[in-house]
Amino acid sequence: MPNGVFNTADGQINVTMVRPANWQPFCEAIEQAQLLDDPRFSTHAARATNLDELYTVLRPMLAARTTAWLSERLTANGIMNGKVNSYEEFLKEEQVAATGIMAWLAQPGVPELVPMPNIPGLPPFESGTKRAHAPRLGEHSRAVLADHGYTPAEIEALFEKKVVAGI
């Protein structure tokens, strides 16, 4: 402990400590050696008992530093960590492009390509295919109503009364 996602001065960082022995290098990395002598946090058991207090103390300390500063120092001290990407940053990641995990699809009425996660084990999404088409509001109203047993006359009456809409 501590483990989790923490706010930083410019984003978020995920910190994962597996061994109790990580505590001293962690404290040194964040320049908070005084925490080593704090009886609430000096042992693994104490940190577990006082976990809420630990996070209350650590959160503002980590929030005062940049993600890059923390990551560089934690990595140098052998503490697992990683910058938490925004959705936009995730989409721009080199690994995302290399693995093809995201498909960029053209959708009717949308001026730019829309990202859609490809599902492992299934063929990738491709623009213009039925699987990759997001229906517009009301696009299938008539067909859905017909599938549920409405007659053409009943469907038209629903449209005329503005109970349903369609294109």
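Residues numbered from 1 in each chain as written. Predicted model: local features only at pLDDT ≥ 70, side-chain atom pairs only at ≥ 80, totals over all residues. Heavy atoms only, no water.

Some details on the side chain of Gln107
You can see Gln107 is positioned in the loop between β4 (102–105) and β5 (114–117). The exposure class assigned to Gln107 is buried, which follows from its relative accessible area of 10%. In terms of polar contacts, Gln107 uses its side chain to reach the backbone carbonyl oxygen of Ala132, at 2.6 Å. With residues near it in sequence (within four places) discarded, Gln107 still touches Val114, Ala132, His133 and Ala134. (Helix = DSSP H or I, 4+ residues; strand = E, 2+ residues; numbered from the N terminus. Buried < 20%, exposed > 50% of the residue type's maximum accessible area, 1.4 Å probe, protein only. Polar contact = N/O pair within 3.5 Å; in protein donor to acceptor, adjacent residues only side chain to side chain. Contact = heavy atoms within 4.5 Å.)

Some points on the pattern of salt bridges
Scanning all chains against the criterion turns up eight salt bridges. For Arg136, the salt bridge goes to Glu139, with nearest N and O atoms at 4.0 Å. One salt-bridge network, held together by shared partners, links Glu31, Arg65 and Arg73. (Salt bridge = Lys/Arg side-chain N within 4 Å of Asp/Glu carboxyl O.)

A few points about unusual backbone geometry
Put simply, Met1 and Pro2 share a cis peptide bond, and its omega is 10°. Inspection of the secondary structure assignment puts Pro2 in the segment before β1 (4–8). Even without being glycine, Glu31 reaches a positive phi, approximately 60°. Looking at the element boundaries, Glu31 is found in the loop between α1 (23–29) and α2 (44–49). One non-glycine residue, Lys162, lies in the positive phi region at around 60°.

Structural notes on a nonpolar patch on the surface
A cluster of nonpolar side chains, Tyr87, Phe90 and Ile101, forms an exposed patch at the surface whose accessible area comes to about 270 Å². With respect to the secondary-structure elements, Ile101 resides in the loop between α6 (94–99) and β4. The exposure class assigned to Ile101 is partly exposed, which follows from its relative accessible area of 31%. (Patch = residues over 30% accessible without salt bridge, like charges linked within 9 Å, V, L, I, M, F, W, Y side chains within 5 Å. Areas by Shrake-Rupley, 256 points an atom, 1.4 Å probe, with all protein chains shown as cover.)

Notes on the environment of Thr43
Inspection of the secondary structure puts Thr43 in the loop between α1 and α2. Taking C-alpha positions, Thr43 is 52 Å from Leu113, a pair spaced 70 residues apart along the chain. Polar side-chain contacts of Thr43 include one of 3.0 Å to the backbone nitrogen of Ala46.

Here we look at helix α3 (residues 51–63)
Taking 1.5 Å per residue as the helical rise, α3 with its 13 residues ought to reach 18 Å, and the 18 Å between its terminal C-alpha atoms agrees with that figure. Those residues of α3 that fall on the buried side of the exposure criterion are Leu54, Tyr55, Leu58 and Leu62. The secondary structure elements touched by the buried residues of α3 are β1, α1, α2 and α4 (67–76). (Expected span 1.5 Å × (residues − 1).)

Some thoughts on helix α8 (residues 152–160)
The α-helix winds at 3.6 residues per turn, so residues separated by three or four positions along the chain end up facing the same way. Of all the positions in α8, only Ile155, Leu158 and Phe159 are classed as buried. Down the axis, α8 shows its buried residues gathered within 100° of arc, on one side only. The exposed residues of α8 that point more than 90 degrees off its buried face are Ala153 and Glu160. Downstream of α8 by one or two residues, Lys162 has phi in the positive range, about 60°. (Arc of directions from axis to C-beta.)

Concerning the packing of aromatic side chains
Applying the stated criterion across every chain yields a total of three aromatic pairs. One cation-aromatic arrangement involves Arg142 over Phe159; the distance from NZ or CZ to the ring centre is 3.9 Å. (Phe/Tyr/Trp six-rings, centres within 6.5 Å; stacked < 30°, edge-to-face > 60°. Lys NZ or Arg CZ within 6 Å of the ring centre and 35° of its normal.)

Quick notes on the sheet that holds strand β2 (residues 11–16)
Strand order in the open sheet formed by three strands is β1-β2-β3, with antiparallel pairing between adjacent strands. Every interior strand has two partners, whereas the edge strands, β1 and β3 (80–83), have only one. Each neighbouring strand pair of the sheet contributes to a mean axis angle of 25°, computed without reference to strand direction. In the packing of α4 onto the sheet, the strands contacted are β1, β2 and β3, and the crossing angle to β2 comes to about 20°. (Pairing = 2+ DSSP bridges. Axes fitted to C-alpha atoms, helices over the stretch in contact; angles between N-to-C directions.)

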